[in-house]
Amino acid sequence: MIFKLLNRLILVLCVTSVLASFVPNALAAEKISRPYKFDKSGNLEQPKGYREWIFVGSPVTPNDMNSGKAAFPEFHHVYIPSDAYNVYKSTGAFPNGTILVKELLSVGDKQAPSGKGYFNGDFIGLEATIKDTKRFKDEPGNWAYFSFTTPIGQPHKKIAKAFGKNKCNFCHQAFAKDDWVFTQYYPVLRAAKPGRK
Ligand code: HEC
């Protein structure tokens, strides 16, 4: 009796592992954690913990090179969660559920012991983009865009509503190098993309 049960158990285990090995990589790759939340009305809650994700690049558009007021001032620190990064690294594609956070910082000093330049000042803004084929099925590329930025000196917004596609998405669609993401400015993602090393 016990042997029969054991045999059956071993058979079930074998069948399951054989089946598991047939699950396409792409499907398995979709299973990433989503370190963000939407409220009941579909607003994105302010992401937390992103400074511990993977830092992919730091474009800078200083006010003094943009007629005194850059459209997105000034340093842009961009982060991606390690799960989504790992999938990008192995498949070369951003999995469903990917979030990228862009934290804006002012330019602080312009002179340091290392020389003249632009040095990080204060945190002044927070934006995010999320790819979701279900929730944002009507957005081009399934990417939606959010901003938690408030006038300088005020705390960031706690929740943000997705912008209409004419406000943000259009520019990413037109100019971003890889699936709406400006990887041309993120050396860490360029280096991670398979076949591009
Ligand atoms: C005129 C073009 C343009 C518009 C409009 C635009 N962006 Fe971007 N965005 C960029 C560029 C270029 C980068 C990368 C370089 C940089 O940060 O300067 C970027 C990067 C980002 C990133 C980092 C991840 C990524 O996709 O590369 C986020 C998040 C982001 N933008 C959010 C927004 C939000 C929110 C809006 C609307 C309020 C918006 N963007 C509108 C040009 C644009």
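These figures come from a predicted structure and were not determined experimentally.

Procedures and definitions
- Residues numbered from 1 in each chain as written.
- Predicted model: local features only at pLDDT ≥ 70, side-chain atom pairs only at ≥ 80, totals over all residues.
- Helix = DSSP H or I, 4+ residues; strand = E, 2+ residues; numbered from the N terminus.
- Contact = placed C-beta atoms within 7 Å.
- Core = buried A, V, L, I, M, F, W, Y, C linked by C-beta atoms within 7 Å.
- Buried ≥ 20, exposed ≤ 12 C-beta atoms within 10 Å, placed from the backbone.
- Near = placed C-beta within 6 Å.
- Pairing = 2+ DSSP bridges.
- Axes fitted to C-alpha atoms, helices over the stretch in contact; angles between N-to-C directions.

## Looking at the overall build of the chain
Within the chain one finds five helices and nine strands. The helix and strand sequence of the chain, counted from the amino end, reads α-α-β-β-β-α-β-β-β-β-β-β-α-α. A sequence separation of at least 24 residues applies to 54% of the contacts in the chain between residues at least 6 apart.

## A closer look at the nonpolar core
With 35 residues, the main nonpolar core has Tyr79, Ile80, Tyr88, Leu100, Ala128 and Phe146 as its most contacted residues. Among the elements of the structure, strand 3 (75–80), helix 3 (82–91), strand 4 (99–107), strand 7 (120–131), strand 8 (143–147) and helix 5 (187–192) are those that each provide at least two residues to this core. A total of five residues in this core trace back to one element, the largest contributor, which is strand 4.

## Things to note about the site of the ligand
Close to the ligand lie 22 residues; Pro59, His76, Cys168, Cys171 and Phe182 are nearest. Elements supplying a minimum of two residues to the shell around the ligand: strand 3, strand 4, strand 7, strand 8 and helix 4 (169–175).

## Looking at the environment of serine 82
Tracing the backbone shows serine 82 in helix 3. As for serine 82 and isoleucine 32, which are separated by 50 residues in sequence, their C-alpha atoms are 9.2 Å apart. Each residue touching serine 82, except ones within four places of it in the same chain, is listed here: Trp53 and Ile54.

## Re the sheet that holds strand 7
Ordered by their spatial adjacency, five strands build an open sheet running 2-3-4-7-8, and the pairing between neighbours is antiparallel. This sheet does not close on itself; its edge strands, each paired only once, are strand 2 (54–57) and strand 8. Going across the sheet, the axis of each strand differs from the next one's by a mean of 30°, ignoring polarity. Where strand 2 meets strand 3, three bridges bridge the pair, whose relative direction is antiparallel. When the sheet's bridge partners are listed, phenylalanine 55 is paired in strand 3 with tyrosine 79.

## A closer look at unusual backbone geometry
Between proline 73 and the following residue, glutamate 74, the backbone shows a cis peptide bond with an omega angle of -20°. With respect to the helices and strands, glutamate 74 occurs in the loop between strand 2 and strand 3. Positive phi, close to 50°, is recorded for serine 67, a residue that is not glycine. Tracing the backbone shows serine 67 in the loop between strand 2 and strand 3. Given 7 C-beta atoms within 10 Å, serine 67 falls into the exposed group. At tryptophan 180, a position not held by glycine, the phi torsion is positive, near 75°. Residue tryptophan 180 is classed as buried on the basis of its C-beta count, with 24 C-beta atoms lying within 10 Å.

Just distances and angles here, no functional claims.
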